Amino acid sequence: MDNRTATASYQEWGPVAQATHNEIARLQNAYLADHAAAVAALARLRRGAGKPPHLVPDLWGLLDTSPLYEAEELKDRETELTRAENAFHLALTLWALHQQSRGERMHLSGAARELGAAVRQIKGAEDPGGPIRKRFVRLGSSRTVEELADRLRELVSLLRRDSIPLDYAVLAQQVYRWQRPAARDAVRGSWGRSYQAYQPKKSATTDSGTDSDPKDGQ
């Protein structure tokens, strides 16, 4: 999906998703082109990963948050703006951690890149009693945005280890909604469904569950 198509898609998700995608796309393109300013910006962003924005003064003014203040559904609504800023900041800092030293895009759009589906692709996630699933369940039981940020950071570190991309724009919109107590269960449900729905690609050599002999058909 190209940048224009992705932006149009994120407009349907909401202003937090759209603003997050636009800012990450800008930084990601520059970082992969090895622009010094982008490399420095990501280094600063990584220091704020998992921390509330008000605790990281070094990041004030580094990111373009103006689209959040211009969005009609957020304008002049202090509580909603605070939630939007929290989600935007969390997504950008986690992406910077994820993108570190990676030559491919760690923010990508698509259903297979939503949080649950991405976690399902981590090595060991297929074990129902294993540590990956337990971490994912712990994420769902988070009670504060600080707990949520800390547990997301743990999962993002594993995604980075295995070079698995994540849709940070969708994640940002979900974190924004998660901060509303009435919407929390719906967001958890969305994460759980994407985890359950993801189906690993079948090996080309195992159509019927048995390895094919390369000499067959010769």
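See above for the structure.
Enquirer: I'd like a rundown of the overall build of the protein chain, residues and numbers included.
Expert: Along its length, the protein chain carries ten helices and zero strands. A total of 218 residues make up the protein chain; the buried ones form 45% of that total. Looking at the protein chain alone, contacts between residues at least 24 apart form 69% of all its contacts between residues at least 6 apart. A total of about 11,500 Å² of accessible surface is found on the protein chain, and carbon and sulfur atoms cover 49% of it.

Enquirer: Explain the environment of Glu147 residue by residue, including any values.
Expert: Within the element layout of this structure, Glu147 appears in helix H8 (residues 145-161). Its relative accessible area of 21% is what places Glu147 among the partly exposed residues. Here the alpha-carbon distance between Glu147 and Gly50, two residues 97 residues apart in the chain, equals 8.9 Å. When sequence neighbours within four positions are dropped, the list of residues in contact with Glu147 reads Ser141 and Ser142.

Enquirer: Run through the environment of Phe88, naming residues and quoting values.
Expert: The topology assignment puts Phe88 in helix H5 (residues 78-99). Along the primary structure Phe88 and Leu63 are separated by 25 residues, whereas in three dimensions their C-alpha atoms are 9.5 Å apart. With residues near it in sequence (within four places) discarded, Phe88 still touches Val16, Ala19, Thr20, Glu23, Leu63, Asp64, Thr65 and Leu68.

Enquirer: Please set out the packing of aromatic side chains residue by residue, giving values where relevant.
Expert: Centre distance and the angle of the planes are the two values used to describe a pair of aromatic rings. Tallied over the full model, the rule gives one aromatic pair. Ring geometry for Phe136 and Tyr195: centres 4.9 Å apart, planes at 20 degrees, overall stacked. One end of the pair, Phe136, is in helix H7 (residues 131-140); the other, Tyr195, is in helix H10 (residues 184-197), and 59 residues separate them in sequence. The exposure class assigned to Phe136 is buried, which follows from its relative accessible area of 10%. We classify Tyr195 as buried; its relative accessible area is 6%. Over the ring of Tyr195 we find Arg120; its NZ or CZ atom is 5.0 Å from the centre of that ring.

Thresholds, definitions, all that
Residues numbered from 1 in each chain as written. Predicted model: local features only at pLDDT ≥ 70, side-chain atom pairs only at ≥ 80, totals over all residues. Heavy atoms only, no water. Helix = DSSP H or I, 4+ residues; strand = E, 2+ residues; numbered from the N terminus. Buried < 20%, exposed > 50% of the residue type's maximum accessible area, 1.4 Å probe, protein only. Contact = heavy atoms within 4.5 Å. Areas by Shrake-Rupley, 256 points an atom, 1.4 Å probe, with all protein chains shown as cover. Phe/Tyr/Trp six-rings, centres within 6.5 Å; stacked < 30°, edge-to-face > 60°. Lys NZ or Arg CZ within 6 Å of the ring centre and 35° of its normal.

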